[in-house]
Amino acid sequence: MINRYQFEDLISEYIENELSLPKRKEFEQYLEENLEAKSLVDSVRTTMIQMKTLPKAKVSAGFNERLMATIQKDRDKLLTPAPSQKTYLGFTPIHASLMTGLVIAFVFISIQLFSPEGKMVNNQTQYYADDPTPSLSNPSLKEVNLNPPDFADLEEDSTLEESKNKPKKDFSKQMHFVNDQ
Amino acid sequence: MSLDKQNTPFVYTDEQLIARFQAGDEGAYVELVNRFRDRLINFVFQFLRDWEQAEDVVQDTMLKLYEKKHYYREIAKFSTWIYTIARNLANTELRKRKRRKTTLLSHMTRDEREYDLPAIQPETGHEVQTEFAEKRIQAAIHALPEHFKTVIILRDIQELSYDDISSIVDVPLGTVKSRINRARLQLQVDLKDLR
């Protein structure tokens, strides 16, 4: 005797007459004992018939003509050679001009970086940094006095001038000491 | 008897037609298109639920047949080959649709129109009932998981053999049978209130 799971697995085979005779008898015996199972088999059978009789759609009128036109168009496209695009060393005009611009920019920047003048500036900078007593060969540094005068050796103190001209004030009478009182 | 034989026009099999087409006979191609265009549109329509898109997919299928005719080898039936192409193209269309994520109202109204397309204007109560049942069945099929939907359409609507279905969906015969059975049971659950 089959159980519920086996019954469900065999429904389609039963409806489509694909069960062996002993299996079929077993199945039908199960159906006789289970009215609900019989009803399920009937429902499946009805749905299968309904699905077979669902209204069938058709392609719209002129389907073949449209298809043939598309095929013809594709065929023409294949036969017509693609318009030849001019290339410069394998580059299209737009890419070639972009590439030229980049190359020019690269060359210009390279010249700026590695020119002899640029080297000189760099060398001098290195030189002044290393030498504590550099020569004043650099024209831009000639005006700078690297040995400032020693202010202690000066004969006159400029601050004295101011004190000379100012009249001295006498504060002796204003001063009082604690012991004076 | 011999007269009957003489009057009966010779009918090429699908495989003979594709062989003739491969040899350069374009008339054979037209005959194949005529044989399969309606079958394929009913198959594809069940997935896409859109008449125009279904027709576009069938046209693409026929174009593929034209362009790739030499890819067919007579190791499989021609019908399984052409159904496989149509199914793949329909799946591609569905994936595109999912990507677009357009469940627009305009699309839904078009769906509704598609449901009405093959139907005749109902005049009696019985016709109304039949049309209602058809719509419910269509909707129930559409609601099935993809792997159930494909096999049930191929079996119960397209009426293909289990072997052919197995070739088209590229799964073992036993799996196909099991899926079809389970799909039918699932449909009963969905259509319970219709009985």
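Attention here is on the structure that accompanies the text.

## Some remarks on the overall build of chain A
Secondary structure assignment for chain A yields 7 helices and 0 strands. Each helix (α) and strand (β) of chain A, taken in turn from the N terminus, gives the series α-α-α-α-α-α-α. Looking at the 181 residues of chain A, the share that counts as buried comes to 17%. Sequence separation of 24 or more characterises 42% of the internal contacts of chain A that already satisfy a separation of 6 or more. Element-wise, carbon and sulfur atoms account for 59% of the exposed surface of chain A, whose accessible area totals about 15,200 Å².

## Examining the overall build of chain B
A tally of helices and strands in chain B yields 10 helices and 0 strands. Order of helices (α) and strands (β) in chain B, N terminus to C terminus: α-α-α-α-α-α-α-α-α-α. When burial is assessed residue by residue, chain B has 46% of its 195 residues classed as buried. Summed over its atoms, the accessible surface of chain B is roughly 10,700 Å², and 52% of this surface lies on carbon and sulfur atoms.

## Observations concerning the interface of chain A and chain B
Across the contact, 32 residues belong to chain A and 37 residues belong to chain B. Carbon and sulfur atoms supply 59% of the area buried between chain A and chain B, which totals about 3,200 Å² over both sides. The interface formed by chain A and chain B holds 5 salt bridges in total. Salt-bridge contacts for R66 of chain A lead to E55 of chain B; the nearest nitrogen and oxygen are separated by 2.5 Å. Seen at the junction of chain A and chain B, the total is 17 residue pairs in polar contact (both at pLDDT 80 or more). Of the residues in the side of chain A that touches chain B, the class split is 14 nonpolar, 8 polar and 10 charged.

## Looking at helix α7 (residues 125–143) of chain B
With 19 residues, α7 of chain B should cover 27 Å at 1.5 Å per step; its first-to-last C-alpha distance of 27 Å lies within 8% of that length. What α7 of chain B keeps buried is the set E131, A133, E134, I137, Q138, A140 and I141 of chain B.

## What to know about the packing of helix α9 (residues 162–169) of chain B against helix α10 (residues 173–190) of chain B
Residue and element names in this part refer to chain B. Remark: α9 packs on α10, axes separated minimally by 9 Å, with the N-to-C direction vectors making an angle of 100°. Taken together, the axis directions place α9 and α10 in an arrangement best described as roughly perpendicular. Only L173, V176, K177, I180 and R184 of α10 make contact with α9, whose side of the interface consists of Y162, D163, I165, S166 and V169. Here the residues of the contact of α9 with α10 sort into 6 nonpolar, 1 polar and 3 charged.

## Thoughts on the pattern of salt bridges
All told, the structure shown has 17 salt bridges over all chains when counted by the stated rule. Note that E8 of chain A and R4 of chain A form a salt bridge whose closest N and O atoms lie 3.2 Å from each other. Remark: R4 of chain A and E8 of chain A occur in helix α1 (residues 4–15); sequence separation between them is 4 residues, near one turn of the helix. For R4 of chain A, a relative accessible area of 28% puts it in the partly exposed group. The salt bridge partner of R184 of chain B is E16 of chain A, with a shortest N-O separation of 2.8 Å. On the criterion of chain membership, the pair formed by R184 of chain B in helix α10 and E16 of chain A in the loop between α1 and α2 (21–33) is interchain, its members lying in two chains.

## Describing a nonpolar patch on the surface
Residues and elements named next belong to chain A. A contiguous nonpolar patch, built from L89, F91, M99 and L102 and spanning about 460 Å² of accessible area, is present on the exposed surface. By secondary structure assignment, the location of F91 is in the loop between α4 (63–79) and α5 (93–114). Take F91: its relative accessible area is 34%, and that puts it in the partly exposed class.

## Re the packing of aromatic side chains
All names here are of chain A. Applying the stated criterion to the full structure yields 13 aromatic pairs over all chains. A centroid spacing of 4.4 Å and a plane angle of 25° characterise the contact between Y14 and F27, whose relative ring orientation is stacked. With Y14 in helix α1 and F27 in helix α2, this residue pair connects regions lying 13 residues apart in the sequence. Accessibility expressed as a relative area gives 9% for Y14, which makes it buried. By the ring-pair criterion, three or more aromatic residues cluster together here, those being F7, Y14, F27 and Y30.

## Describing the nonpolar core
Formed by 61 residues in total, the largest nonpolar core has its most connected members in Y29, V44, M62, L65, F78 and I141 of chain B. Counting residues per element, this core draws most heavily on helix α3 (residues 26–48) of chain B, which supplies 12 residues. For this core, the two domains that each supply at least three residues are domain 1 (10–102) and domain 2 (119–195) of chain B. By size, the runner-up hydrophobic cluster in this structure holds 16 residues, among which are I2, I11, Y14 and L19 of chain A.

## Section: the environment of M51 of chain A
Mapped onto the secondary structure, M51 of chain A falls in helix α3 (residues 35–52). Residue M51 of chain A is classed as buried on the basis of its relative accessible area, which comes to 1%.

## What to know about the side chain of Q53 of chain B
All names here are of chain B. For Q53, the position within the fold is in helix α4 (residues 51–67). The class of Q53 is buried, set by a relative accessible area of 14%. Once residues lying within four places of it in the same chain are set aside, the contact partners of Q53 are L48, E93, R97 and R100.

## Structural notes on α10 of chain B
Given a rise of 1.5 Å per residue, 18 residues ought to cover 26 Å, and the 26 Å separating the end C-alpha atoms of α10 of chain B matches this to within 8%. Taken as a whole, α10 of chain B has its buried residues at V176, I180, N181, A183, R184, L185, L187 and Q188 of chain B. Next to the buried residues of α10 of chain B lie α1 and α3 of chain A together with α7, α8 (146–157) and α9 of chain B.

The rules behind these values
Residues numbered from 1 in each chain as written. Chains lettered and ligands numbered in written order. Predicted model: local features only at pLDDT ≥ 70, side-chain atom pairs only at ≥ 80, totals over all residues. Heavy atoms only, no water. Helix = DSSP H or I, 4+ residues; strand = E, 2+ residues; numbered from the N terminus. Buried < 20%, exposed > 50% of the residue type's maximum accessible area, 1.4 Å probe, protein only. Contact = heavy atoms within 4.5 Å. Areas by Shrake-Rupley, 256 points an atom, 1.4 Å probe, with all protein chains shown as cover. Buried area = accessible area lost by both parts, 1.4 Å probe. Salt bridge = Lys/Arg side-chain N within 4 Å of Asp/Glu carboxyl O. Polar contact = N/O pair within 3.5 Å; in protein donor to acceptor, adjacent residues only side chain to side chain. Nonpolar A, V, L, I, M, F, W, Y, C, P; charged D, E, K, R; others polar. Expected span 1.5 Å × (residues − 1). Axes fitted to C-alpha atoms, helices over the stretch in contact; angles between N-to-C directions. Parallel < 35°, antiparallel > 145°, perpendicular 65-115°, else oblique. Patch = residues over 30% accessible without salt bridge, like charges linked within 9 Å, V, L, I, M, F, W, Y side chains within 5 Å. Phe/Tyr/Trp six-rings, centres within 6.5 Å; stacked < 30°, edge-to-face > 60°. Core = buried A, V, L, I, M, F, W, Y, C linked by side-chain atoms within 4.5 Å. Domains from an automatic or database assignment.

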